[in-house]
Amino acid sequence: MEQTQYAPSKPNLPLQQQEQITAAARILCEGGVVAFPTETVYGLGADVTNPDAISRIYKIKQRPIDHPLIVHIGAISHLDYWAQAIPVSAWKLANHFWPGPLTLILQRSHHIPDSVTGGQNTVGIRIPAHPIALALLHALGQTKALAAPSANRFGRISPTTATHVQQELGSSVDMILDGGACEVGLESTIISFYDESPRILRPGGIALSALETVLSGPVMLAHNTINPTIRTPGSLPAHYAPVTPLRVYPAEQIRQHALLLAAKNLRILIMTWSNIDTSQLSGQSIEQCVMPADPIAYGQQLYAKLRQYDQAAFDYLLVEAPPDHPEWLAIADRLQRAGHHLSDNHKII
Ligand code: TXA
Ligand code: MG
């Protein structure tokens, strides 16, 4: 993804958008909740320093209150206002990747209230790379920031357009800023500096290899068991899930499973990225969606496609397993969680 530099002194947004941003900033300062675009997914924002506004986010999302929120800031110079004891390697990553899809988990400063972190003494912070998000943060100034989870109900698919937010949260939010479709389409990479060495809590918009290059050393993926006192809903097995049961199969199995289900009169969507021979499937109750074979383009489209097909009354979404390659890590992670239904009585395949 192209890195744009934050330039607060000359926001070059159209006048109408600037007016909307000013209105949004006012709503936020008065304790309101505003959905806004980032380069990853849409966020549901509230003033970090206002516990009532923060509690509204939890209510709207139906999210358990002990799951912490990411704090979005407008400039690197604000980082040590919100966090403390920041390791050199965290500064390196911030300088290299911000604004961008990278969240740093750091020790929080006393400016971060308990309501944002679920009482934990760490805080997740990032600078988003979207001109509207940056202009909004600039309008709020250094002593305010936006606590913002993805603007979806807890456990569901993150929104990548303003229409998705409107459909899912609608009138429960005070304002939705429309910044078009998100460029990255998957959530930020989360890296924790809480342990001795940095660990990835959630693969995302920044590839592991890019982090390793900047840090000149290996970066480990955290296992969910690593610190059971740290709660990350994005790392629950069932998350980012459509309502329609979703299953991930290797290319060589997907046709066979589709045919088996179609024979039971079920409507099936198969989502592929490779050249699978689908000649046998024609005439069956099976539709096919061919995704890009490139992880960046695939990631951009994934959530929008899952939403679209989730609303199309299929009985199953069968997804071809992504390539076993580090660049596909975030996609593999989301598909695995999307396929893991908590209360799933569809175990017929
Ligand atoms: O791309 C993104 O990160 C988007 C956009 C809106 O910025 N935000 C997002 O927020 O995905 P959310 O709340 O849906 O996911 C944030 C993840 C959660 O899994 C949360 O538990 C984790 O970050 N998190 C936040 N603070 C944390 C902390 N102090 N320690 C560990 N995990 C934390
Ligand atoms: Mg989320």
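Remember, it's a predicted structure, so these values are computed and weren't measured experimentally.

When helices and strands are counted, the chain shows 11 helices and 15 strands. Buried positions account for 53% of the 349 residues belonging to the chain. A separation threshold of at least 6 residues defines the contact pool for the chain, and within that pool the share at least 24 residues apart is 69%. When the accessible area of the chain is evaluated, it comes to approximately 15300 Å², of which 51% is carbon and sulfur surface.

The subject of this paragraph is helix H4 (residues 88-97). Given 3.6 residues per helical turn, the α-helix brings residues three or four places apart onto the same face. Looking at H4, one finds that the buried residues are Ala90, Leu93, Ala94 and Phe97. An end-on view of H4 places all buried positions within 100° of arc, on one side of the element. Across H4 from its buried face, at more than 90 degrees, point the exposed residues Val88 and Asn95. Among the structural elements, helix H3 (79-82), strand E5 (102-108), strand E9 (189-192) and helix H8 (208-215) are those in contact with the buried residues of H4.

Moving on: helix H9 (residues 251-262). Across its 12 residues, H9 extends 17 Å between first and last C-alpha, which sits within 8% of the 16 Å expected from 1.5 Å per residue. Among all positions of H9, only Ile254, His257, Ala258, Leu261 and Ala262 are buried. Along the axis of H9, the buried positions cluster into a sector of 125°, meaning they face one direction only.

Now for the pattern of salt bridges. Applying the stated criterion across every chain yields a total of 10 salt bridges. Measuring nitrogen to oxygen at the nearest pair gives 2.6 Å for the salt bridge that ties Asp114 to Arg108. Its relative accessible area of 49% is what places Asp114 among the partly exposed residues. Residue class for Arg108 comes out buried when judged on its relative accessible area of 14%. With a shortest N-O distance of 3.9 Å, Arg255 and Asp277 are connected by a salt bridge. One end of the pair, Arg255, is in helix H9; the other, Asp277, is in the loop between strand E13 (268-272) and strand E14 (286-290), and 22 residues separate them in sequence. Among the residues examined, Asp277 registers a relative accessible area of 45% and is labelled partly exposed. Within the structure, one salt-bridge network assembled from shared partners comprises Glu187, Asp333, Arg334 and Arg337.

By the definition in use, this model includes five aromatic pairs. With centroids separated by 4.8 Å and ring planes inclined at 80°, the aromatic side chains of Tyr81 and Trp82 adopt a geometry described as edge-to-face. Residue classification places Trp82 among the buried positions, given a relative accessible area of 0%. Between Tyr298 and Trp328 the ring centres are 5.2 Å apart and the planes differ by 70°, which places this aromatic pair in the edge-to-face class. In this pair, Tyr298 is assigned in helix H10 (residues 295-310) and Trp328 in the loop between strand E15 (316-320) and helix H11 (329-338), connecting sequence segments 30 residues apart. Per residue, the accessibility class of Tyr298 equals that of Trp328, and both read buried. Taken together, Trp273, Tyr298 and Trp328 form an aromatic cluster joined through their ring pairs. When the ring centre of Phe314 is taken as reference, the NZ or CZ atom of Arg267 above it lies at 4.3 Å. Cation over ring: Arg334 sits above Tyr240, and NZ or CZ is 5.0 Å from the ring centre.

What follows covers the sheet that holds strand E12 (residues 246-249). With parallel pairing, four strands are arranged side by side in an open sheet as E12-E15-E13-E14. Bordering the open sheet on either side are E12 and E14, each of which pairs with just one other strand. Pairs of neighbouring strands in the sheet enclose a mean axial angle of 20°, with direction left out of account. Bridge analysis of E12 against E15 gives four bridges, and the strand direction is parallel. The partner of Val248 across the bridge, within E15, is Val319. Relative to the sheet, H9 contacts E12, E13, E14 and E15, its axis offset from that of E15 by approximately 165°.

Turning our eyes to something else, we now look at the pairing of strand E10 (residues 199-202). Here three bridges tie E9 to E10, and the two strands are oriented antiparallel to one another. What sits directly across from Ser192, in E10, is Arg199. Sheet analysis places E10 next to strand E11 (residues 220-221), joined by two bridges and oriented parallel. What sits directly across from Arg199, in E11, is Met220. For the handedness criterion, the β-α-β arrangement of E10, H8 and E11 is classed as right-handed.

As for its position among the elements, Arg108 is in strand E5. A polar atom in the side chain of Arg108 sits 2.6 Å from the side chain of Asp114. With residues up to four places along the chain from it excluded, the contact list for Arg108 reads Trp82, Ala83, Gln84, Pro113, Asp114, Thr117, Gly119, Gln120, Asn121, Thr122 and Val123.

Analysis parameters
Residues numbered from 1 in each chain as written. Chains lettered and ligands numbered in written order. Predicted model: local features only at pLDDT ≥ 70, side-chain atom pairs only at ≥ 80, totals over all residues. Heavy atoms only, no water. Helix = DSSP H or I, 4+ residues; strand = E, 2+ residues; numbered from the N terminus. Buried < 20%, exposed > 50% of the residue type's maximum accessible area, 1.4 Å probe, protein only. Contact = heavy atoms within 4.5 Å. Areas by Shrake-Rupley, 256 points an atom, 1.4 Å probe, with all protein chains shown as cover. Arc of directions from axis to C-beta. Expected span 1.5 Å × (residues − 1). Salt bridge = Lys/Arg side-chain N within 4 Å of Asp/Glu carboxyl O. Phe/Tyr/Trp six-rings, centres within 6.5 Å; stacked < 30°, edge-to-face > 60°. Lys NZ or Arg CZ within 6 Å of the ring centre and 35° of its normal. Pairing = 2+ DSSP bridges. Axes fitted to C-alpha atoms, helices over the stretch in contact; angles between N-to-C directions. Right-handed = clockwise from strand over helix to strand, strands pointing away. Polar contact = N/O pair within 3.5 Å; in protein donor to acceptor, adjacent residues only side chain to side chain.

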